Amino acid sequence: MSTERVAQLEYSEFQAAMLDEEKRRRKAAKIVAVLGHFLGRDKDVLAGLTVADIGCSAGFIADELAAAGASRTFGVDIDVPGLRKAAQRFGERVEFVCADGTALPFPDGSVDVLVFNHIYEHVVDPDAIMAEMRRVLTDDGLLYLGLGNRLGVMEPHYKLPFLSYLPPALADRYVRLSGRADSYYERYRTRRGLRRMARGLRVWDYTFPVLATPAAFAGSELFPGVIGRVAGGALSRMPRPVLRALLPVVPTYLWVATKSDRRPAGVSLPQPPDPVRTL
């Protein structure tokens, strides 16, 4: 079996989650809420801004970005079937572009907000895409990053514990034995590796703000019911050093990055966003 890493074309054709409209729109609401907090905006969060969703697939998140007031919204992907579905439904308010993330079709410093949500583990060269996003981002722009952690215990695509911990050959064998797939394509990085991937940017970590106050970030489904309210309350009161000690094994990080010295402008939170030291 070849070990060469190639692009995942037509991803929406074999990953049903990309067509789960309700779930994708919930993710979009969380993204918009995080961006709104950073910008200090409660309504029309993206008003007057040019926005691009990198890895948009069927376009649900891009559509929500447009609905948040963006003056111009782009969806970029190499998933042609997904783009076709997206253009049929949302083409009047979103411009969909078939392009590789390593060669974005935008001039230098031309996009105010970029969204790169749970994409890096699927691409051939995430560092090249990060460099390209830095190129097209305006000097005062924002880059939203949803990033899976290699040390998260449960692998989110195949629901197999410790799968992402394994070297590729053993991970391939594990998913084959489970009957979930012929091989394991995704490549996650640890928090340290992600800090290195974000070099050249100033990063604010919204992971614990969202977990501790999910209702403020359209993320109430993270902690449903009574147990959820108890868990969220405990996180909101937990000492910051304890939370920081947990960071290496948190399954997902929610970061907002910028090329400038901008700081979060939103209301104070029980667990405020923390700066991330990139490498």
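Looking at an unreviewed UniProt entry, one finds the chain named Methyltransferase domain-containing protein and attributed to Streptosporangium subroseum.

A. Region of the structure containing the overall build of the chain. Secondary structure assignment for the chain yields 10 helices and eight strands. Its C-alpha atoms give the chain a radius of gyration of 18 Å, near enough to 19 Å, the size a compact globule of 279 residues would have. Across its three principal directions, the C-alpha atoms of the chain cover 50 × 45 × 35 Å. Burial analysis of the chain (279 residues in total) assigns 49% to the buried set. Relative to all contacts within the chain whose residues are 6 or more apart in sequence, the contacts with residues 24 or more apart total 71%. Taking the 37 positively charged and 32 negatively charged side chains of the chain as two groups, their mean positions are separated by 8 Å.

B. The pattern of salt bridges, seen in detail. All chains considered together, the criterion is met by 17 salt bridges. For arginine 135, the salt bridge goes to aspartate 108, with nearest N and O atoms at 2.6 Å. Of this pair, arginine 135 sits in helix 5 (residues 126–136) while aspartate 108 sits in the loop between strand 3 (95–98) and strand 4 (111–117), placing them 27 residues apart in sequence. Judged by its relative accessible area of 57%, aspartate 108 falls in the exposed class. Here aspartate 205 makes a salt bridge to arginine 191, at a shortest N to O gap of 3.2 Å. Of the two residues, aspartate 205 sits in strand 6 (residues 202–205) while arginine 191 sits in helix 7 (residues 191–197), which places them 14 residues apart along the sequence. Across this residue pair, the class does not change: aspartate 205 and arginine 191 are buried.

C. Summary view of the UniProt feature "domain: Methyltransferase type" (unreviewed entry) in the chain. Mapped onto this structure's residue numbering, the UniProt feature "domain: Methyltransferase type" (unreviewed entry) falls at residues 53–144. End-to-end, the C-alpha atoms of residues 53–144 are 10 Å apart, and along that stretch the chain is 33% helix and 29% strand.

D. The environment of arginine 176, seen in detail. Inspection of the secondary structure assignment puts arginine 176 in helix 6 (residues 168–178). For arginine 176, a relative accessible area of 41% translates into the label partly exposed. In this structure the C-alpha to C-alpha distance between arginine 176 and valine 267, which are 91 residues apart in sequence, comes to 48 Å.

E. Representation of the packing of helix 2 (residues 21–39) against helix 3 (residues 60–67) within the structure. Two elements in contact, helix 2 and helix 3, have axes whose closest approach is 8 Å; the angle formed by their N-to-C orientations is 45°. Classified by the angle between their axes, helix 2 and helix 3 sit oblique to one another. Remark: the crossing between helix 2 and helix 3 carries right-handed chirality. Touching Glu21, Arg24, Arg25, Lys27, Ala28, Ile31 and Val32 of helix 2 are Phe60, Ile61, Asp63, Glu64 and Leu65, all from helix 3.

F. Molecular detail of the packing of aromatic side chains. For the coordinates displayed, the defined rule picks out seven aromatic pairs. Ring centres of phenylalanine 60 and phenylalanine 90 lie 5.9 Å apart, and the angle between their planes is 70°; this geometry places the pair in the edge-to-face category. Pair noted here: phenylalanine 60 is in helix 3 and phenylalanine 90 is in helix 4 (residues 80–90), with a separation of 30 residues, a long-range link. Phenylalanine 90 sits in the buried class, given a relative accessible area of 2%. Ring geometry for tyrosine 158 against tyrosine 184: centres 5.7 Å apart, planes inclined by 75°, an arrangement best described as edge-to-face.

G. Highlighting the environment of aspartate 274. Following the sequence through the fold, aspartate 274 ends up in strand 8 (residues 274–276). Residue aspartate 274 is classed as buried on the basis of its relative accessible area, which comes to 17%. Not counting the four nearest positions on each side in its chain, aspartate 274 is found in contact with Val203, Trp204, Asp205, Arg240 and Arg244. A polar contact is formed between the side chain of aspartate 274 and the side chain of arginine 244, at a distance of 3.0 Å.

Here is what the cut-offs are and how they apply
Residues numbered from 1 in each chain as written. Predicted model: local features only at pLDDT ≥ 70, side-chain atom pairs only at ≥ 80, totals over all residues. Heavy atoms only, no water. Helix = DSSP H or I, 4+ residues; strand = E, 2+ residues; numbered from the N terminus. Rg over C-alpha atoms; globule rule 2.2 N^0.38 Å. Buried < 20%, exposed > 50% of the residue type's maximum accessible area, 1.4 Å probe, protein only. Contact = heavy atoms within 4.5 Å. Lys, Arg positive; Asp, Glu negative; His and termini not counted. Charge placed at Lys NZ, Arg CZ, Asp CG, Glu CD. Salt bridge = Lys/Arg side-chain N within 4 Å of Asp/Glu carboxyl O. UniProt positions renumbered as here; feature names shortened; annotations may be inferred. Axes fitted to C-alpha atoms, helices over the stretch in contact; angles between N-to-C directions. Parallel < 35°, antiparallel > 145°, perpendicular 65-115°, else oblique. Left-handed = near helix turned anticlockwise from the far one by under 90°. Phe/Tyr/Trp six-rings, centres within 6.5 Å; stacked < 30°, edge-to-face > 60°. Polar contact = N/O pair within 3.5 Å; in protein donor to acceptor, adjacent residues only side chain to side chain.

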